[in-house]
Structures are given as structure tokens and as C-alpha cells.
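So you can see what is in the structure, the chains are spelled out below.
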Amino acid sequence: MAIPGLSRRAFVLLAAVPFSAAAASDRKNISGIGFLRIRNGRANRRYLVIHGDESTARDTLIEHMKSAPGVAFLIDGRTRTVRPHLLEIDPNRMFSAAGAALSLSRLNPSASPAAIQRELRWLDARRHQLLEALLPAPGGLLIALHNNSRGYSIQSEAPISNRVHLPAPSTPHDFFLATSESDFNLIARGPYNAVLQSGARGPDDGSLSRLCAGRSIRYVNLECALGNRAAQAEMLNWLDRLLP
Ligand SMILES: [Zn+2]
């Protein structure tokens, strides 16, 4: 069965998800990248899975959106990097020109400086599409889900954080990263690891957390070890009930 404009992969994904009657899903191309969008009610919440190889985050969020109100964007692919135009890039390095330039150079070692510059101009002209789609209305909350499997943990973020809450040191791969101090204060009353990064510190890596910290947008990144779906679902439900 063919549906115009919908890839087979997206169709299989959509067909496999029995959303509640209120939820609607479609596929959107934003800044050259394919996303699955799930809309459920009118809450001022945004959810995001931006790395296609983080399957635990994807499965957790799809399940969550069966009941949680808000709008979710999930990258439509299974690879970590994307090719929005001509070159490869990490999608979580596209949120600033500086971050995009570094990622393009790293991932396309044979591309000429002129080709990198052309790609940067192409991305610059379309960055607003990403921001308009992914960022919540003023005062709203953006929750991004990530998985780690390469040694990354809360210990990687602690030195560049404003505050650290470490009630579960034996599970350093599962933690929240918040950009709002009031959100962090609520999270820090609970049993889960968390860091606060409320200022734009260090070099601009083009990540969404860095952009949100710089613009005072309420953003929480939920990091869990790849495969630890029980923890990611538990922490996501807890966070969603906790934060306004
Ligand atoms: Zn990620």
C-alpha cells in the first residue's frame, strides 16, 4: 500500500503505533531533515529525539506520546548523522553556524573549504525552520531524549555545569540536564541525577542545549544508557508530572 509523500519506513512506523484518538502524526521535512511529528492535544510541551541511532529514546517517546499532551518530533532515520543537503552533519550540531562548521569539517574530511562554506550558507538560510518547529512558545518546556553508549555520563557534564545533583552515583549514565534554574530546583528534590547549565559557557558546539541555555529557553535533556528503556520511561514520566 503506497501513500504519496510518505516513505515506507515512516509508514511502517506510523502503522505500528496505536495512538489515542486525540493524537495525530505525520511526516515533516525541516531544514532538509525528515521528522516524524506526533501531536497530542494543545499543551505547551515539545519533545524531541534528534539522533536516529538512539532507539531506546525513540521507543520511549513514541510510547509516552500515546498519553502525554504536546508535540513530539522524532528524526526519521536510524543513523546518528544526517545529510540535509550535500554533506554529512550531526543534527545536534546544526543549531549554530560555529557548531555546524565544526561538525561538517569533522564528518566530511574530503570536502573542500568552499564546499563546506556552501553547505554552511545553505544551513544558515534554513535554521529558522528548525527553531520554529522545535522550540516551545515562550514559557513552554522542551524535553529532549538522548541515549549514551560511548562512555559519556554526568561526569562529562559536571565540570561545565552551574550545579550538580548526584543522588545516584552508581548510575552516572542516567541523568537530566536542565537549562532553567527553577526546573533544576524541582528536579534536585528528587532521586535522579541532574546538572544545571543555565549560561552559555565554553565554545559554542551548535547543540540545542547550548542554544536554549543562551536564550533562556526551558529545556531538559533526559540522558539514559542505550537499552535502559525502563529507566528512561520512568524518568520521563516523573519529569512530566513534576514540571509545570
Ligand atoms: Zn543523542
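Residues numbered from 1 in each chain as written. Predicted model: local features only at pLDDT ≥ 70, side-chain atom pairs only at ≥ 80, totals over all residues. Heavy atoms only, no water.

**Side note on the packing of helix H2 (residues 55–64) against helix H8 (residues 229–242)**
Two elements in contact, H2 and H8, have axes separated by 9 Å at closest approach and are oriented at 45 degrees. On the basis of the axis angle, H2 is oblique to H8. Where H2 crosses over H8, the two elements pack in a sense that is right-handed. Counting all contacts with H2, which are made through Thr56, Ala57, Asp59, Thr60, Glu63 and His64, the residues of H8 involved are Arg229, Gln232, Ala233, Leu236, Asn237 and Asp240. By residue class, the composition of the contact of H2 with H8 is 3 nonpolar, 5 polar and 4 charged. (Axes fitted to C-alpha atoms, helices over the stretch in contact; angles between N-to-C directions. Helix = DSSP H or I, 4+ residues; strand = E, 2+ residues; numbered from the N terminus. Parallel < 35°, antiparallel > 145°, perpendicular 65-115°, else oblique. Left-handed = near helix turned anticlockwise from the far one by under 90°. Contact = heavy atoms within 4.5 Å. Nonpolar A, V, L, I, M, F, W, Y, C, P; charged D, E, K, R; others polar.)

**Thoughts on unusual backbone geometry**
Positive phi, normally seen in glycine, also occurs at Ser31, with a value near 50 degrees. Even without a glycine there, the phi angle at Ser216 is positive, about 55 degrees. Topologically, Ser216 is positioned in the loop between helix H7 (208–215) and strand E9 (218–225). Residue Ser216 is classed as exposed on the basis of its relative accessible area of 70%. (Buried < 20%, exposed > 50% of the residue type's maximum accessible area, 1.4 Å probe, protein only.)

**Thoughts on the packing of helix H3 (residues 97–107) against helix H4 (residues 113–134)**
The angle between the axes and the distance between the axes are what describe a pair of packed helices. Between H3 and H4, whose axes approach to 10 Å, the crossing angle comes to 140 degrees. Compared by their axis directions, H3 and H4 come out oblique. Where H3 crosses over H4, the two elements pack in a sense that is right-handed. From H3, Ala97, Ala100, Ala101, Leu104 and Ser105 reach across to H4, where they touch Ile116, Glu119, Leu120, Leu123, Asp124 and Arg127. Of the residues that constitute the contact of H3 with H4, the class distribution is 7 nonpolar, 1 polar and 3 charged.

Take it as geometry only, folks, not as evidence of what the structure does.
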